[in-house]
Amino acid sequence: MSEEILDLVNDKDEVIGTAPRKEVNEKGLLYRCAGIYVFSNNKIVLQKRSPKKRIRPSNWAIVEETVKSGETYEQAAKRGVKEELGAEPKNLKFIGKKIINDTEYPDYFIMSFYTCTISQKIAIDQEEVADTKLFTVSELKNFVKNNTKIVPSLKESIELIKD
């Protein structure tokens, strides 16, 4: 399988080049990601990242999908929900955008955040996801505040979700 090629962007989210994912990760280059708050039965799906993941293994996260070169944030968001949860996203809605700088790994990206709903039963991709839990908005905010194994993008975007 060939390595994914990602668009490199500046802090205004303008494409300034491309690079293989490996180079992006090694050099901490700025790229694009989609973050999706998925609602199932009026609760938010939180997923525990696989322990095999190179970045933030076994951390809790919303669905996050790297935007491939030439792909839109929306396309990546829909693909991520399908791949990671095995469900068709409905009512995809943009809620905000932030630059996330995870200095621990280094991982540096612009994340476009969305909400969506799913109606199918969750069928996780075990290469990507170890477990899922469902939370009300207030339960999720408490969980994020009181846990250390949370990805930075979730910590920095939780205020985008309203009760």
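Located above this text is the structure these notes cover.
Residues numbered from 1 in each chain as written. Predicted model: local features only at pLDDT ≥ 70, side-chain atom pairs only at ≥ 80, totals over all residues. Heavy atoms only, no water.

(A) Layout of the overall build of the chain. Helices and strands together make up the secondary structure of the chain, namely 4 helices and 9 strands. Start at the N end of the chain and walk to the C end: the helices and strands fall as β-β-α-β-β-β-β-α-β-β-β-α-α. Taken over the C-alpha trace, the chain has a radius of gyration of 15 Å; the compact-globule value for 163 residues is 15 Å, and the two agree within 12%. When the backbone C-alpha atoms are referred to their principal axes, the chain occupies close to 40 × 30 × 30 Å. Looking at the 163 residues of the chain, the share that counts as buried comes to 47%. In the chain, 27 side chains carry a positive charge and 26 a negative one; their mean positions are 4 Å apart. (Helix = DSSP H or I, 4+ residues; strand = E, 2+ residues; numbered from the N terminus. Rg over C-alpha atoms; globule rule 2.2 N^0.38 Å. Buried < 20%, exposed > 50% of the residue type's maximum accessible area, 1.4 Å probe, protein only. Lys, Arg positive; Asp, Glu negative; His and termini not counted. Charge placed at Lys NZ, Arg CZ, Asp CG, Glu CD.)

(B) Focus on the nonpolar core. Formed by 27 residues in total, the largest nonpolar core has its most connected members in Tyr37, Ile44, Leu46, Leu140 and Leu154. Ile44 has contacts with Tyr37, Val38, Phe39, Lys133, Leu134, Phe135, Val137, Leu140 and Ile161, leaving out every residue within four places of it along the chain. Val63, Ala87, Ile110 and Ile118 belong to the second largest nonpolar core, which has 18 residues in total. (Core = buried A, V, L, I, M, F, W, Y, C linked by side-chain atoms within 4.5 Å. Contact = heavy atoms within 4.5 Å.)

(C) View of the side chain of Ser50. Residue position: Ser50 is located in the loop between strand S4 (43-49) and strand S5 (60-61). Every residue in contact with Ser50, bar those within four places of it in the chain, is listed here: Pro57, Ser58, Gln126, Glu127, Glu128, Val129 and Ala130.

(D) A look at the packing of aromatic side chains. Applying the stated rule across the entire model yields 4 aromatic pairs. Ring geometry for Tyr31 against Phe109: centres 5.6 Å apart, planes inclined by 50°, an arrangement best described as tilted. Of the two residues, Tyr31 sits in strand S3 (residues 31-40) while Phe109 sits in strand S8 (residues 107-118), which places them 78 residues apart along the sequence. Each of the two residues, Tyr31 as well as Phe109, counts as buried. With centroids separated by 5.7 Å and ring planes inclined at 90°, the aromatic side chains of Trp60 and Phe143 adopt a geometry described as edge-to-face. Placement of Trp60 in strand S5 and of Phe143 in helix H3 (residues 137-145) is noted, with a sequence separation of 83 residues between them. (Phe/Tyr/Trp six-rings, centres within 6.5 Å; stacked < 30°, edge-to-face > 60°.)

(E) Fine view of the layout of surface pockets. What the largest pocket holds in volume is close to 610 Å³. Lining the largest pocket we find 29 residues, and of these Arg21, Arg49, Lys53, Thr66 and Glu128 sit closest to its centre. Of all the elements in the fold, those that place two or more residues in the lining of the largest pocket are helix H1 (21-27), S3, S4, strand S6 (63-66), helix H2 (73-85), strand S7 (90-102), S8 and helix H4 (152-157). Classifying every residue of the lining of the largest pocket by side-chain character gives 7 nonpolar, 4 polar and 18 charged. (1 Å grid on protein atoms, 1.4 Å probe; cavity = no way out; pocket = protein on both sides within 12 Å on 5 of 7 lines; lining within 4 Å. Points joined across faces, edges and corners; volume = space filled by probe spheres on them. Nonpolar A, V, L, I, M, F, W, Y, C, P; charged D, E, K, R; others polar.)

(F) Structural detail: the pattern of salt bridges. The tally for this structure, following the rule as stated, stands at 15 salt bridges. Between Lys53 and Glu128 there is a salt bridge, and its shortest N-O distance comes to 2.7 Å. With Lys53 in the loop between S4 and S5 and Glu128 in the loop between S8 and strand S9 (129-135), this residue pair connects regions lying 75 residues apart in the sequence. The exposure class assigned to Lys53 is partly exposed, which follows from its relative accessible area of 22%. Note that Arg56 is salt-bridged to Glu104, the shortest N-O span being 3.4 Å. (Salt bridge = Lys/Arg side-chain N within 4 Å of Asp/Glu carboxyl O.)

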